[in-house]
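# Examining the three-dimensional arrangement
One-letter residues, chain by chain:
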Amino acid sequence: MKSIDWRSKMKSFTNFICFALALLFLLYNISIVGFFYLIVTFGEGQGAMIYSMISVAGILLVVIPLVFRLAKSRFYHFALIGLHLIAAFLPIIMKNLSGVFDKVL
């Protein structure tokens, strides 16, 4: 009878949970509904800060498998980090673009 390799199973499970949670955070952040919900509920300043903090939490969840070498394919993790960085700066970009459009129009 073969013994079950619990260590590799736990590594895979931890990697999957961290990646899935980070992906859910990203899907919530990229959806416009999530952004406007936070702005309407908490105001512009605090809503944008919470929006960015959700992206930072997603980055930290992606970094955990990379630091502890749980990830077999690192490309997806680095791509998710890049997307979270774009999502974290999205409120700043939107504010700057609104200022540009006000000057143009």
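Residues numbered from 1 in each chain as written. Predicted model: local features only at pLDDT ≥ 70, side-chain atom pairs only at ≥ 80, totals over all residues. Heavy atoms only, no water.

### Thoughts on the overall build of the protein chain
For the protein chain, the count of helices and strands is five helices and zero strands. Mapped from its N terminus to its C terminus, the protein chain presents α and β elements in the order α-α-α-α-α. For 105 residues, the compact-globule estimate of 2.2 N^0.38 gives 13 Å, and the protein chain exceeds it by more than 25% at 18 Å. Within the span of the protein chain, comprising 105 residues, buried residues form 28% of the whole. If you take every contact in the protein chain between residues at least 6 apart in sequence, the share linking residues at least 24 apart comes to 66%. For the protein chain, the computed accessible surface area is about 7,700 Å², with 74% contributed by carbon and sulfur atoms. (Helix = DSSP H or I, 4+ residues; strand = E, 2+ residues; numbered from the N terminus. Rg over C-alpha atoms; globule rule 2.2 N^0.38 Å. Buried < 20%, exposed > 50% of the residue type's maximum accessible area, 1.4 Å probe, protein only. Contact = heavy atoms within 4.5 Å. Areas by Shrake-Rupley, 256 points an atom, 1.4 Å probe, with all protein chains shown as cover.)

### Notes on the nonpolar core
Core analysis: the biggest nonpolar cluster contains ten residues, these being Cys 18, Ala 22, Leu 26, Leu 61, Val 62, Leu 66, Ala 71, Leu 80, Ile 81 and Ala 87. Every element with two or more residues in this core is listed here: α1 (6-30), α3 (44-67) and α4 (75-88). Discounting chain neighbours no more than four positions away, the residues touching Ala 22 are Gly 58, Leu 61, Val 62, Leu 80 and His 84. (Core = buried A, V, L, I, M, F, W, Y, C linked by side-chain atoms within 4.5 Å.)

### Re unusual backbone geometry
Although it is not a glycine, Arg 69 adopts a positive phi angle of roughly 55°. Of note, Arg 69 is situated in the loop between α3 and α4.

### Observations concerning helix α2 (residues 32-42)
Listed in full, the buried residues belonging to α2 are Gly 34, Phe 35 and Leu 38. Around the axis of α2, the buried residues are gathered within 100° of arc, so they sit on the same side. For α2, exposure combined with an orientation more than 90 degrees from the buried face picks out Val 33 and Val 40. (Arc of directions from axis to C-beta.)

### Thoughts on a nonpolar patch on the surface
Taken together, the side chains of Met 10, Phe 13, Phe 16, Ile 17, Leu 21, Leu 23, Leu 24 and Leu 27 define a hydrophobic patch exposed on the protein surface, amounting to about 780 Å² of accessible area. Structurally, the position occupied by Leu 27 is in helix α1. According to the relative accessible area criterion, Leu 27 is exposed, its value standing at 55%. (Patch = residues over 30% accessible without salt bridge, like charges linked within 9 Å, V, L, I, M, F, W, Y side chains within 5 Å. Salt bridge = Lys/Arg side-chain N within 4 Å of Asp/Glu carboxyl O.)

### Side note on the packing of aromatic side chains
Inspection of every chain in the model, using the stated rule, returns three aromatic pairs. Both rings, one in Phe 75 and one in Tyr 76, keep their centres 5.6 Å apart while their planes meet at 70°; by these two values the pair is edge-to-face. What makes Phe 75 exposed here is its relative accessible area of 61%. Within the aromatic cluster, the residues linked to one another by ring pairs are Phe 35, Phe 36 and Tyr 51. (Phe/Tyr/Trp six-rings, centres within 6.5 Å; stacked < 30°, edge-to-face > 60°.)

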